[in-house]
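Here is what each chain is made of, one letter per residue.
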Amino acid sequence: MNEDRNRALGIGKVTKKNKVNIGDEAQMEKFASNALVFFVNGNKITDRDVDPSLTLLQYLRLKLNLTGTKLGCAEGGCGACTVMVSQYDRETSSIVHNSVNACLAPVCSVHGMAVTTVEGIGSVKTRLHPVQERIAKAHGSQCGFCTPGIVMSMYALLRNSPHPSLEDIEKTFQGNLCRCTGYRPILEGYRTFTTQQQNNGCCQNGFSGDDIKKSGCCMQYITGEPCKKFTNNNNGYENGTDYLEKKLGNKVACENGESANEDSISNSVNGSPATGNTLFSAFTFTKYDPTQEPIFPPELQLMEELDKKLVVFRGESVTWYRPTNLRQLLIMKETHPEAKIVVGNTEIGVEVKFKDSKYPVLISAAHVSELNSIKSVESGIAFGASTTLSRMETVLEHATKQLPEYETRVFRAVLEMLRWFAGTQIRNVGCVGGNIMTASPISDLNQVWQAAGCVLEAVSRQGTRKIEFDHKFFVGYRKTALEKDEILLSILVPYSKKNEYFHAFKQAHRREDDIAIVNAAMKVEFENDTNVIKQLQLSFGGMAPTTVMALKTMDAMPGRMWEDDIIEDVCGLLADDLPLGPGAPGGMIEYRRSLALSFFFKFYYLVLEELNKSMPAKCISQIPNSFKNMYQVYHRDAPKSSQMFQLKSLEDSEMDAVGRPIVHLSAMKQATGEALYADDMPKYEGELYLCLVLSTKAHARIKSVDASQALKVSGVRAYVDHRDVPGTNRVGAIIYDEEIFASEQVVCQGQVIGGVVADTQANAQKAAKLVRIDYEELAAIFTIEEAIEAESYYDKPLTVDTGDIEAGFIQSDHVIEGEWRMGGQEHFYLETQACIAIPKGEDDEMEIISSSQAPSKVQMMAAKVLGVPANRIVSKVKRMGGAFGGKETRFIIITNACAVAAYKVKKPVRIMLDRDEDMLMTGGRHPFLSKYKVGFTKEGKILAVQVILYQNAGCSRDLSFPILERAVCHSDNCYKIANMRVVGHACRTNLPSNTAFRGFGGPQGVMAAEIYMSHVADTLGITTEEVREKNFYQEGDLTHYKMPVENCTLQRCWQECSFRSQRELRQKTVTDFNRQSRWKKRGMSMTAVKFGIAFINKFMNQAGALVLIYSDGSVLISHAGTEMGQGLHTKMIQVASRALNLPPERIHISETSTDKVPNSQPSAASMSSDLNGMAVLDACQTLIERLRPFKERNPKGTWEDWVLSAYFEKVSLAASGFHASPVKGFDWEKGEGEPFMYFSYGAACSEVEIDCLTGDHTVLRTDIVKDVGSSLNPAIDIGQIEGGFVQGYGLLTLEELRYSPTGALYTRGPGMYKIPGFTDIPVEFNVCLLTDSPNPKAVYSSKAVGEPPLMLAPSVFFAIKNAIAAARAEVGLKGTFRLDSPATSERIRMACTDQFTQKFPAALPGTFKPWEVRP
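Since we're looking at a predicted model, the values are computed, not measured.

Draft legend 1. Focus on the sheet that holds strand S28 (residues 745–746). As summarised here, the arrangement of the three strands in space is S28-S24-S30, forming an open sheet in which the pairing is antiparallel. At either margin of the open sheet sits one strand with a lone partner, and together these are S28 and strand S30 (772–777). With two bridges connecting them, strand S24 (residues 700–706) and S28 associate as antiparallel partners. Among the inter-strand pairings, Ala 700 is bridged to a residue of S28, identified as Val 746.

Draft legend 2. Broad picture of the confidence of the model for the protein chain. Taken over all residues, the pLDDT of the protein chain has a mean of 92, while the share at 70 or more is 92%. Residue range residues 5–22 is modelled with pLDDT below 50. Its contacts to residues more than four positions away, or to other chains, number 37 contacts. In the model, residues 255–276 has pLDDT below 50 throughout and makes 70 contacts with residues more than four positions away in sequence or in other chains.

Draft legend 3. Structural context of helix H40 (residues 1199–1208). Within H40, the full set of buried residues consists of Trp 1199, Trp 1202, Val 1203 and Ala 1206. Buried residues along H40 cover an arc of 95° about the axis, so they all sit on one side. Looking at the buried positions of H40, the neighbouring elements they touch are strand S41 (1102–1109), strand S42 (1115–1119), helix H38 (1128–1140) and helix H39 (1168–1193). Downstream of H40 by a residue or two, Lys 1210 has a phi angle that is positive, lying close to 60°.

Draft legend 4. Geometry of the pairing of strand S49 (residues 1257–1266). Counting buried residues in S49 gives nine out of ten residues, a clear majority hidden from the surface. Two elements, strand S48 (residues 1238–1251) and S49, share nine bridges in a ladder whose sense is antiparallel. Note that in S49 the partner of Cys 1245 across the bridge is Asp 1263. With antiparallel pairing between neighbouring strands as the criterion, S48 and S49 make up a hairpin whose turn holds five residues, including Gly 1255 at a positive phi of roughly 90°. Pairing of S49 with strand S50 (residues 1324–1329) involves six bridges; the strand directions are parallel.

Draft legend 5. Structural view of helix H4 (residues 130–137). Burial within H4 is extensive, with eight of its eight residues counted as buried. Within H4 the residues assigned to the buried category are Pro 130, Val 131, Gln 132, Glu 133, Arg 134, Ile 135, Ala 136 and Lys 137. Immediately beyond the C-terminal end of H4, within one or two residues, lies His 139, with a positive phi of roughly 70°.

Draft legend 6. Structural detail: the nonpolar core. In terms of nonpolar packing, the biggest core is built from 323 residues, with Tyr 190, Phe 540 and Trp 562 touching the most fellow members. Broken down by element, this core gets its largest block of residues, 15 residues, from helix H24 (residues 589–614). Each residue touching Tyr 190, except ones within four places of it in the same chain, is listed here: Val 131, Arg 134, Ile 135, Ile 150, Val 151, Met 154, Ile 169 and Phe 173. Cys 108, Val 414, Leu 456 and Leu 488 belong to the second-largest nonpolar core, a separate cluster that totals 94 residues.

Draft legend 7. Examining the sheet that holds strand S39 (residues 979–988) more closely. Across the sheet, which stays open at both edges, the five strands sit in the order S31-S39-S38-S37-S32 with mixed pairing between neighbours. The open sheet has two edge strands with one neighbour each: strand S31 (798–802) and strand S32 (814–822). Strand-to-strand twist of the sheet, defined as the mean angle between neighbouring strand axes without regard to direction, takes the value 10°. Bridge count for strand S37 (residues 928–936) against strand S38 (residues 942–954) is nine bridges, and the pairing is antiparallel.

Draft legend 8. Examining the state of the cysteines more closely. Overall, the coordinates contain zero disulfides when judged by the stated rule. Left unpaired, Cys 103 is separated from the closest cysteine sulfur, that of Cys 81, by 3.5 Å. In this structure Cys 103 comes out as buried when scored by relative accessible area, which is 9%. Not part of a disulfide, Cys 748 finds its nearest cysteine sulfur in Cys 955, a span of 3.7 Å.

Draft legend 9. Main features of the packing of aromatic side chains. Under the defined criterion, the tally for this structure stands at 42 aromatic pairs. A centroid spacing of 5.3 Å and a plane angle of 25° characterise the contact between Trp 562 and Tyr 604, whose relative ring orientation is stacked. Placement of Trp 562 in the loop between helix H22 (551–556) and helix H23 (565–577) and of Tyr 604 in helix H24 is noted, with a sequence separation of 42 residues between them. The two residues Trp 562 and Tyr 604 agree in class, both being buried. Measuring from ring centre to ring centre gives 5.6 Å for Phe 1285 and Phe 1325, while their planes differ by 50°; the resulting arrangement is tilted. On the criterion of sequence distance, the pair formed by Phe 1285 in helix H41 (residues 1274–1294) and Phe 1325 in strand S50 is long-range, its members being 40 residues apart. Owing to a relative accessible area of 1%, Phe 1285 belongs among the buried residues under this scheme.

Draft legend 10. Expanded view of the pairing of strand S13 (residues 455–460). With five of six residues buried, S13 is to be regarded as a mostly interior element. Relative to strand S17 (residues 487–494), S13 is paired through five bridges, and the arrangement is antiparallel. Residue pairing for S17: Val 455 is matched across the bridge by Leu 492. Bridge analysis of S13 against strand S14 (residues 463–468) gives six bridges, and the strand direction is antiparallel. Bridge pairing in S14 places Val 459 opposite Thr 464. Linking S13 to S14, which pair antiparallel, is a turn of two residues.

Draft legend 11. Layout of unusual backbone geometry. Of the consecutive residues Ser 1381 and Pro 1382, the connecting peptide bond is found in the cis state with omega at 5°. In this fold, Pro 1382 is placed in the loop between helix H42 (1354–1369) and helix H43 (1385–1391). We note that Asp 795 has phi near 55°; this positive angle belongs to a residue other than glycine. Locating Asp 795 in the fold gives a position in the loop between helix H28 (784–790) and S31. The partly exposed category is assigned to Asp 795, whose relative accessible area is 47%. Positioned with a positive phi, Ala 1094 is a non-glycine residue whose angle comes to about 160°.

Draft legend 12. Focus on the pattern of salt bridges. On inspection of all chains with the given rule, the structure shows 80 salt bridges. One salt bridge in this structure joins Lys 484 and Glu 338, with 3.0 Å as the shortest N-O distance. Here Lys 484 is found in the loop between strand S16 (479–480) and S17, whereas its partner Glu 338 is found in the loop between helix H14 (326–335) and strand S9 (340–342), with 146 residues between them in sequence. Accessibility classification places Lys 484 together with Glu 338 in one group, the exposed group. A salt bridge links Arg 1063 to Glu 1029; the nearest nitrogen and oxygen atoms lie 3.6 Å apart. Within this pair, whereas Arg 1063 is found in helix H37 (residues 1063–1076), its partner Glu 1029 is found in helix H35 (residues 1024–1031), the two being separated by 34 residues in sequence. Judged by its relative accessible area of 38%, Glu 1029 is partly exposed.

So, how was this worked out
- Residues numbered from 1 in each chain as written.
- Predicted model: local features only at pLDDT ≥ 70, side-chain atom pairs only at ≥ 80, totals over all residues.
- Heavy atoms only, no water.
- Pairing = 2+ DSSP bridges.
- Helix = DSSP H or I, 4+ residues; strand = E, 2+ residues; numbered from the N terminus.
- pLDDT = per-residue confidence, 0-100.
- Contact = heavy atoms within 4.5 Å.
- Buried < 20%, exposed > 50% of the residue type's maximum accessible area, 1.4 Å probe, protein only.
- Arc of directions from axis to C-beta.
- Core = buried A, V, L, I, M, F, W, Y, C linked by side-chain atoms within 4.5 Å.
- Axes fitted to C-alpha atoms, helices over the stretch in contact; angles between N-to-C directions.
- Disulfide = S-S within 2.5 Å.
- Phe/Tyr/Trp six-rings, centres within 6.5 Å; stacked < 30°, edge-to-face > 60°.
- Salt bridge = Lys/Arg side-chain N within 4 Å of Asp/Glu carboxyl O.

Here it is, written out as structure tokens:
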């Protein structure tokens, strides 16, 4: 900015010196209010003694007992805590509704507002709101822990926009996560609210279900043809209906009443979602009527003083001020210069929670009118510092529609950044000033303000001054040029000129709601009517401790022509301008430096295209056609999907629930927030809270522990450690090699040393931080490579050997070797580990309520720890908010500590881990390193394979050996290999013990196999699909562990998937696309899975059940399985429904409890339906036999008649059922056996598109064909397939655990650990259940479904790999290359070798101290 403009804008000068008469705080407070007033669900709350340190979530749950709103992460990253906050805007005389993260919002921030929680919009006791009903009936709620937050996000959207678009819905869910469903059913259910489907049907012709003949589609009634949502994919491929008729006949149905043929349609029209032949019918949904919503409290609308009056809330540790004008704010700031000014609290809340920051004074600037003003001035738009990002977005969107395009180029760049900025809940409360003053080096906006030359206005007691947002503004990490007494008043965002071009870029781990790895904003100004550079502004985030400008590059460019030769020059200068040392914080050094250059490359061509349009005669450089899709703004098509399953026969009894897509029986309660999880249980009298004291060292001797200061904290009752354990302090999943409380030595960070018991969670956590521990550090091992070098293993390796591999290698035409690494994975169940231990007061009895997959294990462990018989402990599980294996054994960390604490204090004790604690302590999926040697013929037939697997087990054995066993058994995947040797090593390291995770070693083994199959294909120059097909198992083949392959549907799944996906035709399209596109590439891949079903330890393949028939005819079932969202209880009721010939409504399951069914096995290994279903069936058959005489005596009687007759004749109406699967087991000494009951098969074909310059990718389409036998519940099974696939997709692409060189976990929450979001799923997502594939070895011919679909996600991984191969071919790189998992944007980008990546060779290991290690 030149000096004339500086003078014109007054930059750097105080313009209102001594004009602010601020007075004093004491005088001002005389007129302040200290009563917090707000409404919750229409009820007025007045609190004159509020604790300002409480969040809204804490207030709702602890003070108001509204437990529907959940705690998922406490950092605004998962959306489980979403509520709607409404306020009256007095300027516009309108009511504004915002979705808000209650976990971050201070309760004081809702003064004068109305809060609506999930309980406030509907109830199963009265009626469900359409938002609740549709997510439930569309099967969009599995574990249900995320459901209330998703419901409230959608509800807030509808309150603002009763007729939203699908794009609006996807946008509103940017701040919500779900780990179970795969998102598709949620979007499908809520699609019915959109303008396209507002009439509660598939189109807008307004017919009701009764009017429609033979169809769930009104278009078929009108035109004779159904809607084309599924029957024509508009890509020139075969019509879906024709395909189904040819291939499957009258046996399949698809989503939303759009069925495959006339017969199946006629069966499904009038079926309810619980019994029909469609997954759900939109015609059954309650119509949404926005006029029936609750009104905004008139009192809040009329009481203007609630908004205008100063409020002050004083607590024990925090004082909250809420001024309403600038004068008051300046008084506060002068009186409390160290105070933090907050609006949305989205940054401060995280700092207080996770960084233990102390801010005794908080000043809310949300209601200061001067900071909320938005003014259009001659040079741009001035936004008050308190303007929320959502409001800024609205204003800028309006401006871009009203103003000439050239004036809004900066605005459009801001909007593009806001598009990916956090989630909707954060944008609704986070403000532009807060984002600036946080001074994050990876802010998504600061680089835009800097490159655009924005002007800030600051105010203090001395007056106001203007500050140019240039390279001098950030003076250090998280520091700005504002003085301590200054407050940011506004930011002026300038209009752009005709000869200026502006663009912004961002790359993150996940596209939505993620912090940037690198971002950039770039502006170029040209001399009038030329392509001569007048000024170039380049600003980058993620390249230094602050947002930084490339000054040398900027200085060198004026006077240059905007032609191709500047690319190389700018890139060379940027490399000098943006140095990063090899050990710089954040890691990914070569990637980040490459991104900076790639962004400029995109910018160059974006501007070149615009110049060519504006003055084609003056531009010399032309854009190659193959470059033109490189710089397009990211666009995602509207999602499409289909779900195919076999229909019930017309001859089947309407009473028979098996095979029908019944809604998850807890879905309605989950959607209303009335479903109770462990921490939702009502408080017990005298209940206390336990907070654990954790090790901060990875390997050390404990020299001393001092809890004296902790015991002085108000409310603290006790400190517990190993000395308080009455029984054994040694525990473990199989071998007791762990301690409940570390006694002499710690072996990982996050290990439990002790615990503080206090009256509240806040007091317990406060005191736990005061426990002082003195360590003597010892040498530690973190990575597999370090363990191999140190020979740090558990026990001896596992080996399976078949045939003669040496002879096989000799016979082979080719022999290759390689290695590959697969990273770990965090379970990220939305409900963290939780437990309540309740001493019963006599006979050492104790009841333990937990969030565990293994209630009997909880019972037996607690009994040993407390030194009592197991019959004194009752372990109960109501439901879990997700588990995925993470709650199979690692609950021992908290349930045993909680039991010891309760035993010591003789009071009920509760604990629920915070997200960061849970991720730090409980481990996850095992990282694996596989080394392989493969011999094969020139045609691609595999003759010999040797695989050596190394597993990072962590600091204890836990379930590592059973997991390694399954990995060894699945290292063949689907392929018959006559000569094979697999060796597995469990590495002992100083990381938290890794544990069970969906697939249980199967994914690591399957991927090891697919990697060497890919290597074979690369070597031969043929497709991997060809190699796979040549080596598939056939019926009767023996596996490498000598188990016969029976009832093999592998080829059927493969052929069906290939046909449905039109793989060969689409592959030609992909090839054509790649030929025409240089910087974006597509890839396709089709993979299959063979997954063994059973617990490998054969004694575990057993289950019990208890079925009780009451004299009124109602039935209560207890069984050994636990409900974690997989629909187990629903399926068990369906099994009983068929066996007893009763409607499901007459049957109930309450909970899982060890005093009903003893000695249960964990709900794991995909065996829960198989085992418990047979046990329930056994009990039901016993009861049916007992009732048979009464039915024969009274054949025209009712169920109630027969039951009552039996009761009066003293016939027992209670029966135990038991089932033991005839699994033969495996002999590891001989290396052979039959460890599985049967195999589950499936196939998937995926297509992806990658951005070669950034590593970003999109899954364009996935087709899945899965064999689930005769499905017990198609809706639940399809949900498990979709959810498992998306979880596997996360494992292989997005989810990366990152550790410091000292063993500290960096990725402790959703801020750094990214699971897939709503728009990460395939754009087109098709699932088909294989028809006519009954399984003779499970209940009602069904098959397991929980785990196998996860192992179909390799189709995405190898599609990405194929796309990368196409990019590498552009620079002459052919043949195989290594791509480790996960295939993150970093790995994708760096594998696409080009002129940019080649500038930054990796530093040699050992020449620097790395920022991270990958275990």
